[in-house]
Amino acid sequence: MTDIIIDLESADLSEATLATASITFTPLNWNIAQTVLLNAVDELLVDGTQTVSITASVNAASDPAFTALASQTVTVTVADDDIPGFTLSALSGTLTEGSSQTVSFTVVLDARPTTDVMISSTISPTDEISASTTLVTFTNVNWNIPQSITLIFFR
């Protein structure tokens, strides 16, 4: 009997990778279970729990008695640790009663979204305050770049 090499493959490397691409059984360890280590990928994407298939196949260089065996697949569940949310910065600047002035703050998402996220703001009272914008849009590309909103106070 020669060595039996089992090749391992993750169906979704963006969610789970393998610590090793194969395991080998020899005439000395053929009856001893081997541990396969998986690594969950922290992709910073809010995509919920994912299911990933891991396939084990006998390598063609293995003992010929084993090379015709069918591949086998196991399913792994990868829990998402990315939580949707956004963060507002503190206001920049100081307001003084009786004068027109501007202050600003930024908003940024806490995790990468799978689709565009629009955050709107409401300004009140409108006879004393206006804003540079009341809607900011984040994509999966600019999600971590703070967007500024400037408030204009007038008296």
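In what follows, the structure referred to is the one given above.
Counting restarts for each chain, with residues numbered from 1 along the sequence as it is written. Note on the predicted model: pLDDT of at least 70 is required for a residue's local features to be given, and 80 or more for side-chain atom pairs to be given and counted; whole-chain, interface and lining totals, by contrast, use all residues. Heavy atoms throughout the structure, all of them, feed into the side-chain values; hydrogens and water do not.

Trainee: What is the right way to read the sheet that holds strand β10 (residues 129-131) from this model?
Mentor: Pairing between the strands of a sheet comes from backbone hydrogen bonds, and it takes one of two forms, parallel or antiparallel. Spatial strand order, β7-β8-β12-β10: four strands in an open sheet with antiparallel pairing. Of all the strands in the sheet, just β7 (86-88) and β10 have a single pairing partner and so form its edges. Sheet twist, expressed as the mean angle between neighbouring strand axes with direction ignored, is 25 degrees. Two strands qualify as a pair provided DSSP detects at least 2 bridges between them. Only runs of H or I of at least four residues qualify as helices and only runs of E of at least two qualify as strands under DSSP, and these elements are numbered from the N terminus. Comment: axis = line fitted to C-alpha atoms, over the contacting stretch for helices; angle = value between 0 and 180 degrees taken between N-to-C directions.

Trainee: I'm lost on the environment of Asp 110 in this one. Help?
Mentor: Looking at the secondary structure, you find Asp 110 in the loop between β8 (101-109) and β9 (117-120). Judged by its relative accessible area of 42%, Asp 110 falls in the partly exposed class. Discounting residues that sit within four places of it in the chain, Asp 110 has contacts with Ile 83, Gly 85, Phe 86, Thr 87 and Trp 143. A polar atom in the side chain of Asp 110 sits 3.3 Å from the backbone nitrogen of Phe 86. Per-residue accessibility, obtained with a 1.4 Å probe over protein chains only, is compared with the maximum for each type, and a residue is labelled buried under 20%, exposed over 50%, and partly exposed between these values. Working rule for contacts: check all heavy atoms of both residues, and any pair within 4.5 Å makes them a contact. Under the rule applied, a polar contact is a pair of N or O atoms within 3.5 Å (in protein, one hydrogen donor and one hydrogen acceptor; residues adjacent in sequence only if both atoms are side-chain atoms).

Trainee: Got a minute to help me understand the sheet that holds strand β1 (residues 4-10) in this structure?
Mentor: Strand order across the open sheet formed by four strands is β3-β1-β5-β6, with antiparallel pairing between neighbours. With one partner strand each, in any of the chains shown, β3 (22-25) and β6 (72-78) form the two edges of the open sheet. Across the sheet, the axes of successive neighbouring strands diverge by a mean angle of 20 degrees, strand direction being ignored. Bridge count for strand β5 (residues 50-58) against β6 is seven bridges, and the pairing is antiparallel.

Trainee: What's the story with the pairing of strand β11 (residues 135-138) in this structure? I'm lost.
Mentor: On any regular strand, side chains alternate: one points to one face of the sheet, the next to the other face. What you see with β11 is a clean split: Val 136 and Phe 138 sit on the buried side and Leu 135 and Thr 137 on the side with no burial. Bridge count for β9 against β11 is four bridges, and the pairing is antiparallel. Counterpart to Val 117 in the pairing with β11 is Phe 138.

Trainee: I tried to follow a nonpolar patch on the surface on my own but got confused; where do I start?
Mentor: Each patch groups residues whose relative accessible area exceeds 30% and which form no salt bridge, using 9 Å between like charges and 5 Å between nonpolar side chains of Val, Leu, Ile, Met, Phe, Trp and Tyr. Each accessible area value is a Shrake-Rupley result obtained with a 1.4 Å probe; residue values ignore everything except the protein chains displayed when judging cover. Each reported salt bridge corresponds to a side-chain nitrogen of Lys or Arg within 4 Å of a carboxyl oxygen of Asp or Glu. Taken together, the side chains of Met 1, Trp 30, Phe 66 and Leu 69 define a hydrophobic patch exposed on the protein surface, amounting to about 450 Å² of accessible area. Assignment of secondary structure puts Met 1 in the segment before β1.

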